[in-house]
Amino acid sequence: MTKSIIECIIFFGVTEKMSYAEALEIREILQQLVRDFGLLQREGSECCGITVLQSHIIYELDKNPRISLIDLAEKLAMDTGMLSRQINKVVELGYVSRIPDPNDRRYVVLSLTEEGQEKAKEISDEMNKYIGQILGLIPNDKKNQVIDSLQILLNAMKMNGGSGCCTTIK
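A brief structural summary.

What counts as what
Residues numbered from 1 in each chain as written. Predicted model: local features only at pLDDT ≥ 70, side-chain atom pairs only at ≥ 80, totals over all residues. Heavy atoms only, no water. Helix = DSSP H or I, 4+ residues; strand = E, 2+ residues; numbered from the N terminus. Expected span 1.5 Å × (residues − 1). Buried < 20%, exposed > 50% of the residue type's maximum accessible area, 1.4 Å probe, protein only. Arc of directions from axis to C-beta. Contact = heavy atoms within 4.5 Å. Polar contact = N/O pair within 3.5 Å; in protein donor to acceptor, adjacent residues only side chain to side chain. Pairing = 2+ DSSP bridges. Axes fitted to C-alpha atoms, helices over the stretch in contact; angles between N-to-C directions. Parallel < 35°, antiparallel > 145°, perpendicular 65-115°, else oblique. Nonpolar A, V, L, I, M, F, W, Y, C, P; charged D, E, K, R; others polar.

Let's talk about helix H5 (residues 80-92)
Then step 1. For H5, spanning 13 residues, the distance from its first C-alpha to its last is 18 Å, which sits close to the expected 18 Å at 1.5 Å a residue.
Then step 2. For H5, the set of buried residues is Leu83, Gln86, Ile87 and Val90. Along the axis of H5, the buried residues cluster in a sector spanning 110°; they form a single face. Facing away from the buried side of H5 by more than 90 degrees, the exposed set consists of Arg85 and Glu92.
Then step 3. Against the buried residues of H5 lie strand S2 (50-51), helix H3 (52-63), helix H4 (69-76), strand S4 (96-101) and strand S5 (104-112).
Then step 4. N-capping of H5 is provided by aspartate 79, with a side-chain oxygen placed 3.1 Å from the backbone N of glycine 81.
Then step 5. Where H5 ends, the next residue or the one after it, glycine 94, has phi of about 90°, a positive value.

Here we look at the environment of tyrosine 59
Then step 1. When you line up the elements, tyrosine 59 lands in helix H3.
Then step 2. Classification of tyrosine 59 by relative accessible area gives partly exposed; the value is 47%.
Then step 3. Between the C-alpha atoms of tyrosine 59 and lysine 119, which are 60 residues apart in sequence, the distance is 9.2 Å.

Let's talk about the sheet that holds strand S3 (residues 67-68)
Then step 1. Read across the sheet, 3 strands follow the order S3-S5-S4 without closing on themselves; strand pairing throughout is antiparallel. Edge positions in the sheet fall to S3 and S4, since each of these pairs with one other strand and no more.
Then step 2. Two elements, S4 and S5, share 6 bridges in a ladder whose sense is antiparallel. Within S5, the residue paired with proline 100 across the bridge is valine 108.
Then step 3. The strands that H3 touches are S3, S4 and S5; relative to S5, the one it contacts most, it runs at about 105°.

Examining the packing of H4 against H5
What describes two packed helices is the angle between their axes and the distance between those same axes.
Then step 1. Between H4 and H5, the shortest axis-to-axis distance is 10 Å and the interhelical angle comes to 105°. The angle between the axes of H4 and H5 places the two elements in the roughly perpendicular class. The residues of H5 that touch H4, namely those facing Leu69, Ile70, Leu72, Ala73 and Leu76, are Thr80, Leu83, Ser84 and Ile87.
Then step 2. Counted by class, the contact of H4 with H5 contains 7 nonpolar, 2 polar and no charged residues.

In structure tokens form, the structure reads like this:
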């Protein structure tokens, strides 16, 4: 671990309520979850024949049809330039269409095509199967505890609002 990361943990993660050892343990668990869950956006990561990032785009468009590029970038915590390049790729693949905004023709809204909706279902089915396999390995009396703990962690991360040197949320 580099000195700057240790300093980041000490400065932003360790308080009188959390020891240095607890902060390191949480960091290690989170990094392993990111790796194991395939959240790293390295070249070659794939999900159902598309990149992990493209699967995130399709997932969000399935949940939020007719969304603007700016709103989608905010949901994915990405800059619009990088997202725009990825949108071009999923448009080329036939999964996404750009529709002129009826209220302001200078803007477009993004929407899944029929093929994109099929891809969203395929991704959803695969993710549900994967998560089901993982949950199947957790004792029944601990499943709600795991879900509650993840929700508490997510809420705390949102409340933190991107504060810290190591965050991706700005």
